[in-house]
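Chain residues, written in single-letter form:
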Amino acid sequence: MGAGAIRGLGHGVGDVVESLGRLAVFTARILMVTVRPPLRLREFADELFKLGVLSILIISVSGLAVGMVLGLQGYNTLVRFGAEGSLGAVVGLSLIRELGPVLTALLTTGRAGSAVTAEIGTMKATEQLDGLRMMAVDPIDYVVRPKAWAMICVMPLLSALFILTAIGGGYVVGVGLMGIDGGTYMSSLENSVDFGNDVAGSILKAVIFGVLVGLIATYRGYTSAPTSAGVSAATTSTVVIASVSVLIFDYFITALWGV
Amino acid sequence: MNETGTRDFLVGLFVLAGLGALAFLSFSIGGLRYTGEGGLPVYATFDQIAGLKPKAPVDIAGVKVGQVTGISLDESYRARVDMDLDRNLKLPVDSSAAIVTSGLLGDRYIQLSPGAEDRHLAPGEQIPYTESALVMERLIGKFLVNVGDSPKEDSQSGSGSQETAPAP
Amino acid sequence: MAYNGRPVLRDLTCRFPRGRISVVLGGSGSGKSTILKLIGGLICARAGAIYVGDRDIGRLGESAMYEVRRELGMMFQNGALLDSLSVFENLSFPLREHTRLSREQIAEQVHERLAAVGLSDVDDLLPRELSGGMVKRVALARALIQSPQVLLVDEPFSGLDPLSTKLIEALLVRINRTYGMTMIVVSHHIPSTLRMADHVVLLLPGGPVQGSPRELLASADPSVRRFLSEDTDASDEVLAHAAEFEAGEHRPVLDSRRGRRKP
């Protein structure tokens with residue numbers, strides 16, 4: 001019983017190490033074709049549309065809602081200390097350092113990461129990937145590369161949009177409903193946020209999350225079992241694995257770089 | 001064809017909006033513009049700056065005229081605060097700077113009180129008169145000690161005797 | 001060759017004659033499609049050698065294999081058309097990837113191949129807007145677009161009505177006669193394949209049997225006769241045959257992932 005459990009653990013560790021190794025090989029293959037012409041800008045632009053433009057709605061609606069909640073909660077807490085003038089700082093700092101990149105990554109994983117996995121998995125199940133190989137075209141080059149890079153590029157842009165709409169949401173609640181002075185809100189925001197300490201770290205986080213979600217989503221699709229059940233399992237695991245890794249990496253980035 | 005054109009236009013718009021948002025966060029909110037641009041740099045030294053931080057605002061009569069750019073310790077172990085003021089500001093040489101708090105527990109910032117001299121501060125000069133920050137904890141401590149001191153006779157003897165008793 | 005640890009093909013040695021139509025016949029799970037994937041280098045054999053022309057592709061890496069594949073065309077069972085591209089883009093894709101032809105030359109070649117499979121006015125349609133028979137024909141046209149020396153055809157008749165089946169059969173024969181290319185067709189549609197084949201490889205539970213259609217039809221081997229017999233009245237025999245298939249090593253492993261029907 002005990003030995004069996006330990007053996008099971010060893011097996012599990014072996015599995016994890018093996019899939020990390022495969023992910024590393026996969027990453028290396030993407031990097032190897034990254035600058036190989038043709039650059040496939042047409043496909044890249046299409047992916048920017050699917051991953052970026054189509055995510056704007058969910059990102060801005062969520063951003064607005066999160067900002068309004070932050071405004072309300074922050075106001076109710078700050079007003080007890082007579083410090084409601086600092087609402088802009090509270091909303092802005094929590095968004096820029098933490099909530100913006102993390103929530104954007106989680107939302108994008110659910111909205112776009114799952115779609116990437118499902119699309120690549122379906123292409124595998126319907127032999128489109130094999131079809132590409134038979135036409136002497138590397139699927140990593142034609143299918144995976146534009147999607148992975150689009151995800152990396154889209155993430156900081158979506159994160160910035162999320163943060164701005166959320167700051168707007170906080171403004172609406174704080175200034176519009178609670179009657180804080182608009183100038184106070186903005187100046188408290190501007191005075192507390194520093195580019196080097198806060199904004200640069202926010203962008204760094206968003207880019208790292210883009211790399212994570214892009215790699216995991218394409219890898220899970222590329223290695224999914226070629227059946228409808230396999231594709232749905234791969235899609236689910238993309239959402240789970242990408243979300244958990246985003247949260248874990250967020251902790252380590254914060255701990256290591258202090259952002 | 002037309003559909004791809006619309007798509008590309010939206011992609012372009014999205015990238016522009018995203019970059020615009022990044023720029024707004026970096027420059028307007030993050031204050032990236034303050035680095036490098038020379039306005040009117042001046043400094044002042046304080047005995048105690050308490051919780052003053054870089055980027056804290058500097059104001060005159062409640063109007064923001066600049067911000068703190070750096071805090072360091074000078075040779076005589078006083079806090080040197082560098083600040084960058086609006087370059088159009090004509091500040092008399094006998095002006096004074098005070099570290100004050102917004103609200104009871106709010107952020108620290110610097111409040112300037114213009115003096116009366118005709119000569120104005122030039123870039124890099126020192127604001128001569130300063131008023132250090134009030135440290136709330138110390139103030140409260142003093143207040144408590146004072147309150148404890150006034151009915152000196154009974155409370156002091158009670159607690160003092162307990163402490164000194166084992167010594168001899 | 002093994003799939004999920006279960007051997008699918010074993011001790012198979014066969015030659016597909018140049019310029020002729022060879023047909024691989026066999027029950028579900030006998031490893032027919034696996035043969036095509038092995039030739040295309042999409043999967044690797046566990047043992048043995050596979051020669052395309054005089055090159056042993058088992059020893060080639062993926063990038064070297066891309067060179068070989070330019071001389072191979074493959075028509076997939078379900079078309080494998082890129083579903084985000086129109087018919088025209090699907091056909092022009094290999095040309096845009098591998099040649100420096102002008103826009104007009106590409107359009108000319110695409111329309112020539114579409115005409116060869118009897119299609120016109122389908123340029124702007126997406127794969128999902130095509131009928132099953134049209135998908136097969138577009139897939140055939142795409143497999144032909146680079147004028148390959150060898151055409152690999154996977155289940156050209158699956159999921160088709162009798163009329164479309166006849167049409168595809170006629171197209172394959174005509175293309176073989178026109179372009180003189182080697183064709184390897186995998187199917188379990190016995191009447192069509194026996195009509196078009198020059199050479200037949202029959203994958204049976206007891207081992208492969210090869211020969212011309214005439215030789216196989218005249219064969220005295222009971223398992224060959226049973227497989228080729230279209231006499232479905234002998235239901236006991238058919239069931240026994242099915243049981244023999246499923247009890248043996250050739251259980252339908254590969255095909256559990258595809259809805260493949262026996263015609």
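Rules and cut-offs
- Residues numbered from 1 in each chain as written.
- Chains lettered and ligands numbered in written order.
- Predicted model: local features only at pLDDT ≥ 70, side-chain atom pairs only at ≥ 80, totals over all residues.
- Helix = DSSP H or I, 4+ residues; strand = E, 2+ residues; numbered from the N terminus.
- Buried ≥ 20, exposed ≤ 12 C-beta atoms within 10 Å, placed from the backbone.
- Contact = placed C-beta atoms within 7 Å.
- Domains from an automatic or database assignment.
- Nonpolar A, V, L, I, M, F, W, Y, C, P; charged D, E, K, R; others polar.
- Axes fitted to C-alpha atoms, helices over the stretch in contact; angles between N-to-C directions.
- Parallel < 35°, antiparallel > 145°, perpendicular 65-115°, else oblique.
- Left-handed = near helix turned anticlockwise from the far one by under 90°.
- Pairing = 2+ DSSP bridges.
- Expected span 1.5 Å × (residues − 1).
- Core = buried A, V, L, I, M, F, W, Y, C linked by C-beta atoms within 7 Å.
- Bend = angle between axes of the 7 residues up to and from the residue.

A. Looking closely at the overall build of chain A. Looking only at helices and strands, chain A has 9 helices and 0 strands in total. In terms of its C-alpha atoms, chain A occupies a principal-axis envelope of roughly 65 × 55 × 35 Å.

B. Region of interest: the overall build of chain C. When its secondary structure is counted, chain C shows 10 helices and 10 strands. For chain C, the residues scored as buried account for 37% of the 263 residues in total. The long-range fraction of contacts in chain C, counting pairs at least 24 apart against all pairs at least 6 apart in sequence, stands at 69%.

C. Local environment of the domain arrangement of chain C. All names here are of chain C. Examined at the domain level, chain C breaks down into domain 1 (2–71 + 149–261) and domain 2 (83–147). Facing 10 residues of domain 1, the contacting portion of domain 2 comprises 11 residues. Element by element, the count of residues in the side of domain 1 that touches domain 2 is highest for helix α6 (residues 162–179), at 5 residues. Here the side of domain 1 that touches domain 2 is composed, by residue class, of 7 nonpolar, 2 polar and 1 charged.

D. Structural view of the packing of helix α6 (residues 139–177) of chain A against helix α1 (residues 2–29) of chain B. It is the contact of α6 of chain A with α1 of chain B, at a shortest axis distance of 8 Å, that shows an interaxial angle of 60°. Taken together, the axes of α6 of chain A and α1 of chain B lie oblique to each other. Along this stretch, α6 of chain A crosses α1 of chain B, giving a crossing that reads as left-handed. Mapping the contact onto sequence places Pro156, Leu157, Leu158, Ala160, Leu161, Ile163 and Leu164 of chain A in α6 of chain A and Val15, Ala17, Gly18, Leu19, Ala21, Leu22, Phe24 and Leu25 of chain B in α1 of chain B. Of the residues belonging to the contact of α6 of chain A with α1 of chain B, the class tally is 14 nonpolar, 1 polar and no charged.

E. Inspection of the sheet that holds strand β2 (residues 57–60) of chain B at higher detail. Residue and element names in this part refer to chain B. Pairing in this open sheet of 7 strands is mixed, and the strands run β1-β4-β3-β2-β6-β5-β7 from one edge to the other. Looking at strand neighbours, the two that pair on one side only are β1 (40–46) and β7 (129–131), the edges of this open sheet. Strand-to-strand, the axes of this sheet are offset by a mean angle of 30°, without reference to chain direction. Two elements, β2 and strand β6 (residues 108–113), share 2 bridges in a ladder whose sense is parallel. Across the sheet, residue Val58 finds its bridge partner in β6, namely Ile110.

F. Broad picture of the interface of chain B and chain A. Across the contact, 28 residues belong to chain B and 30 residues belong to chain A. Take the side of chain B that touches chain A: its biggest share by element is 15 residues, from α1 of chain B. Here the residues of the side of chain B that touches chain A are counted per class, giving 16 nonpolar, 7 polar and 5 charged.

G. Just the packing of helix α5 (residues 132–144) of chain C against α6 of chain C, in detail. Residue and element names in this part refer to chain C. Packing of α5 against α6 leaves a shortest axis separation of 10 Å and a crossing angle of 10°. With respect to their mutual orientation, α5 and α6 come out roughly parallel. α5 and α6 meet at a crossing whose hand is right-handed. Counting all contacts with α5, which are made through Gly133, Lys136, Leu140 and Leu144, the residues of α6 involved are Ser164, Leu167, Ile168, Leu171 and Ile175. Residues belonging to the contact of α5 with α6 are distributed by class as follows: 6 nonpolar, 2 polar and 1 charged.

H. Local environment of the pairing of strand β10 (residues 207–211) of chain C. Residue and element names in this part refer to chain C. Pairing analysis gives 5 bridges linking strand β9 (residues 199–204) to β10, with the strands arranged antiparallel. Paired with Leu204 across the two strands is Gly207, which belongs to β10. In sequence, β9 turns back onto β10 through a hairpin of 2 residues.

I. Expanded view of the sheet that holds strand β7 (residues 150–154) of chain C. Residues and elements named next belong to chain C. Read from one edge of the open sheet, 6 strands run β6-β7-β8-β3-β9-β10, paired in mixed fashion. The outermost strands of the open sheet, each flanked by one partner alone, are β6 (72–75) and β10. Taken pair by pair, the neighbouring strands of this sheet meet at an average axis angle of 15°, ignoring direction. Pairing of strand β3 (residues 21–26) with strand β8 (residues 182–187) involves 5 bridges; the strand directions are parallel. Pairing of Ile21 across the sheet is with Met183, part of β8. Strands in contact with α5 are β6 and β7; relative to β6, the strand with the most contacts, it is inclined by about 175°.

J. Just the domain arrangement of chain A, in detail. All names here are of chain A. Partitioning chain A into domains gives domain 1 (1–36) and domain 2 (41–257). Each of domain 1 and domain 2 has a C-alpha centre, and the two are 26 Å apart. Facing 8 residues of domain 1, the contacting portion of domain 2 comprises 9 residues. In terms of residue class, the side of domain 1 that touches domain 2 is made up of 4 nonpolar, 2 polar and 2 charged.

K. Spotlight on helix α9 (residues 228–257) of chain A. Residues and elements named next belong to chain A. Over its 30 residues, α9 extends 42 Å from the first C-alpha to the last, a length consistent with the 44 Å expected when each residue adds 1.5 Å. Next to the buried residues of α9 lie α4 (87–125) and α8 (195–222). Gly258, located one to two residues past α9, shows a positive phi value of around 65°.

L. Representation of the nonpolar core within the structure. Counting 128 residues, the largest nonpolar core has Met151, Val154 and Ile163 of chain A together with Ala139, Val153 and Ile184 of chain C as the members making the most contacts within it. Considering every element that reaches this core, the biggest residue donor is α6 of chain A, with 21 residues. Beyond its immediate stretch of four places on either side in the chain, Val154 of chain A contacts Leu48, Leu51, Gly52 and Gly210 of chain A. Listed in part, the 22 residues of the second largest apolar core include Leu40, Ala44, Ala79 and Val81 of chain B.

M. Fine view of the pairing of β9 of chain C. Residue and element names in this part refer to chain C. Of all 6 residues that make up β9, 5 are buried, and the element is covered over most of its length. Here 5 bridges tie β3 to β9, and the two strands are oriented parallel to one another. In the strand pairing of β9, Ser22 is matched with His199.

N. Examining unusual backbone geometry more closely. Omega for the peptide link from Pro37 of chain A to Pro38 of chain A comes to 0°, which places this bond in the cis form. You can see Pro38 of chain A is positioned in the loop between α1 (2–34) and α2 (41–52). Phi is positive for Ala80 of chain C, close to 55°, though the residue is something other than glycine. The topology assignment puts Ala80 of chain C in the loop between β6 and α3 (87–98). Among the residues examined, Ala80 of chain C registers 26 C-beta atoms within 10 Å and is labelled buried. One non-glycine residue with positive phi stands out, namely Ser147 of chain C, at about 50°. Structurally, Ser147 of chain C can be placed in the loop between α5 and β7. What makes Ser147 of chain C exposed here is the crowd of 12 C-beta atoms within 10 Å.

O. Highlighting α6 of chain A. Residues and elements named next belong to chain A. Between its first and last C-alpha, α6 extends 53 Å over 39 residues, near the 57 Å set by a 1.5 Å rise per residue. The largest bend in α6 is about 35°, located at Arg145, with the proline Pro146 one to four residues further on. Among the 39 residues of α6, 31 are classified as buried, and the element is accordingly described as predominantly covered. A positive phi of about 80° marks Gly179, the residue just after α6.

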